[in-house]
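# An overview of the molecular structure
Here are the chains, one letter per residue:
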Amino acid sequence: MRFKFPLMAIGLEVAMIVLFGVFVQYENVQNSGQPSNTSSPAVMNSFFRLYPLFQHVNVMIFVGFGFLMTFLKKYGFSSVGFNFFIAALGLQWGTIIQGLLNDHGEKFHISIHSLISADFSTTTVLVSFGAVLGKISPIQVLIMTILEIAVFNGNEYLFAEIFQATDIGGSMVIHAFGAYFGLAVAGILYRSNQIWEHHNKQSDIHSDLFAMIGTLFLWIFWPSFNSTLAVPEEKQNRAIINTYFSLAACVLTSYAFSSLVERRGKLSMAHIQNATLAGGVAVGTCADMEINPYGSMIIGSIAGIVSVIGFKFLTPFFATTLRIQDTCGVHNLHGLPGIVGGLASIVVIAMGASDVSTTAMQAATLVTSIGTAVAGGLITGLILKLPIWEQPPDEDCYDDCIYWEVPTVDDSLSLSRFQPM
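Here the structure is a predicted model, which is why all the values come from computation and not from measurement.

### Notes on the pattern of salt bridges
- Scanning the model with the defined rule gives 4 salt bridges in all.
- Measuring nitrogen to oxygen at the nearest pair gives 3.7 Å for the salt bridge that ties E390 to K4. Of this pair, E390 sits in the loop between α13 (359–384) and α14 (409–416) while K4 sits in helix α1 (residues 4–23); the two residues are 386 residues apart in sequence, bridging distant segments of the chain.
- The class for E390 is partly exposed, based on a relative accessible area of 29%.

Structure (structure tokens):
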């Protein structure tokens, strides 16, 4: 890995710089090629209105998702570190792919909307990464990021331009897509020697507390994620309110069902870290619709229940019967709630609460997103399975030591001697 990964990463960054130089312009550059002295008031107003929400989404991506995956006691460096790497690579590549698709290969202007859309495309990879956490190399992480963002943008173009459906919070096109893409990759990379729990695939009180920090950051900022690209004023306000109450209701049902399905009524930290966020995923598709706060609470409550049941019963079934080892349980946090969100939008539109799409187009988007994700994930998995990508051996999975310089106990003691009293 010493030479292959650095060369690939540097080569990709050089390619990004070239692509940005050829295709990307500031939003205030005129078509004639002569830069204007000032940006239009509308552009500046849009930028400053959306920039706080853009930063909220960044907190979710760089902090929330990163720390949520630190529950493995020996994989904290990799969880946060590879999350950082995926996000930095994905936001650049997502900007290029979306711009080329939307402008048909011509030069395009970059705006705050471009940055947010690139963040959303990166989110799909972070969701998928959770399914294969601890089982792939940095080179495989790099390749999966490039391939998945390309497939995601093709599916998003189909959803927005052909179907003209609505999915403001990405329940279907981001969360369900990312989950089933990751599950398809995990199925191809199945390790028969890990049918039982790996000795490194464990958490402790410290790793679980760090993961809970990620949960809280995601929970707090999820209303921003679902409302960032909503139409300003009324619809954006609805998206924030609906997401907030959906998340709140989801917490109660997650706690309740965690106690219900666990022995002696105790709570599972895995359920609390993940299922409490399912309401934000599920309400995403119809977050800006007139579903009333009680409607969002119903969606959130259902999502919490479905997520806990998924963690308790479906994850073991997937691992032993379907031969899909889902490390983080992305199927339960993103896949199932994403389907709930798509189905909820179909019901809401059928009831006349929104006229921006049709039930047929919503159903087509849900089916196409899952189908495209599975097909893309299978192809990506086959590519990642090639032995040239230095996939970690079974005994070294879920361990930082194979890819990171990890301080030993002796190192920690020697460093402590130099700390001020």
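### Quick look at the environment of L384
- Within the secondary structure, L384 is located in helix α13.
- Taking the C-alpha atoms as reference points, L384 and M144, separated by 240 residues in sequence, lie 7.6 Å from one another.

### Looking at the packing of aromatic side chains
- This structure, assessed with the given rule, holds 17 aromatic pairs.
- Relative to F54, the ring of Y51 has its centre 5.9 Å away and its plane inclined at 45°; by these criteria the two rings are tilted. Of the two residues, Y51 and F54 are both situated in helix α2 (residues 41–68); the distance of 3 residues between them amounts to about one turn of the helix.
- For F54, a relative accessible area of 11% puts it in the buried group.
- Both rings, one in Y244 and one in F245, keep their centres 6.0 Å apart while their planes meet at 80°; by these two values the pair is edge-to-face.
- Its relative accessible area of 35% is what places F245 among the partly exposed residues.
- Among the aromatic residues, those joined into a ring-pair cluster are F47, F48, Y51 and F54.

### Some words on the nonpolar core
- Within the largest apolar cluster, 79 residues are counted, with the highest numbers of intra-cluster contacts made by F129, L133, M144 and W222.
- In terms of nonpolar packing, the next biggest core, distinct from the first, is built from 13 residues, C250, A282, A303 and I349 among them.

### What about the packing of helix α7 (residues 205–227) against helix α8 (residues 234–261)?
- For the pair α7 and α8, the least separation of the axes is 8 Å and the interaxial angle reads 145°. The way α7 lies across α8 gives a crossing that is right-handed. Packed against α7, whose contacting residues are W219, W222, P223, N226 and S227, the element α8 presents Q236, A239, I240, T243, Y244, L247, A248 and V251 at the interface.

### Some remarks on the environment of G154
- With respect to the secondary-structure elements, G154 resides in helix α5 (residues 138–163).
- For G154, a relative accessible area of 36% puts it in the partly exposed group.

### Concerning a nonpolar patch on the surface
- Together, I240, I241, Y244, F245, Y294, M297, I298 and I302 make up a nonpolar patch on the protein surface, roughly 750 Å² of accessible area in all.
- Of all the secondary-structure elements, those providing two or more residues to the nonpolar patch are α8 and α11 (292–320).
- Within the secondary structure, I298 sits in helix α11.
- The class of I298 is partly exposed, set by a relative accessible area of 46%.

### Re helix α12 (residues 330–350)
- The end-to-end C-alpha distance of α12, which contains 21 residues, comes to 29 Å, matching closely the 30 Å that a straight helix rising 1.5 Å per residue would cover.
- Within α12, 17 of the 21 residues are buried, which leaves the element mostly enclosed by the surrounding structure.
- Positive phi shows up at G352, right after α12, with a value of about 85°.

About the criteria used
- Within any chain, residue numbers begin from 1 and follow the written order of that chain's sequence.
- Reporting of local features is limited, given that this is a predicted model, to residues whose pLDDT is at least 70; pairs of side-chain atoms are given and counted only at 80 or more, and all residues count toward the totals for whole chains, interfaces and linings.
- As a rule here, side-chain values come from all non-hydrogen atoms in the structure, and water together with hydrogens is ignored.
- Only one rule defines a salt bridge in this text: a Lys or Arg side-chain nitrogen within 4 Å of an Asp or Glu carboxyl oxygen.
- Each helix corresponds to a stretch of at least 4 residues labelled H or I by DSSP, and each strand to a stretch of at least 2 residues labelled E; elements are numbered beginning at the N terminus.
- Three labels apply to residues, based on accessible area from a 1.4 Å probe with only protein chains included: buried if under 20% of the type maximum, exposed if over 50%, partly exposed otherwise in between.
- Only Phe, Tyr and Trp rings are paired, with Trp represented by its six-membered ring, and only when their centres lie within 6.5 Å; those with planes under 30 degrees apart are stacked, over 60 edge-to-face, the remainder tilted.
- To form a nonpolar core, buried Ala, Val, Leu, Ile, Met, Phe, Trp, Tyr and Cys residues must be joined to one another through side-chain atoms within 4.5 Å.
- Axes here refer to lines fitted to C-alpha atoms; in helices the fit is confined to the stretch in contact. Angles between the N-to-C directions go from 0 to 180 degrees.
- A crossing counts as left-handed when the near helix is turned anticlockwise from the far one by less than a right angle, and as right-handed when that turn is clockwise.
- Whether two residues are in contact is decided by their heavy atoms, any of which lying within 4.5 Å being enough.
- Residues enter patches when they are more than 30% accessible in relative terms and free of salt bridges; like-charged ones are connected within 9 Å and nonpolar ones (Val, Leu, Ile, Met, Phe, Trp, Tyr) within 5 Å.
- Accessible surface area values rest on a Shrake-Rupley calculation with a 1.4 Å probe, where residue burial reflects the displayed protein chains alone.
- Expected span of a helix: the number of residues minus one, times 1.5 Å.

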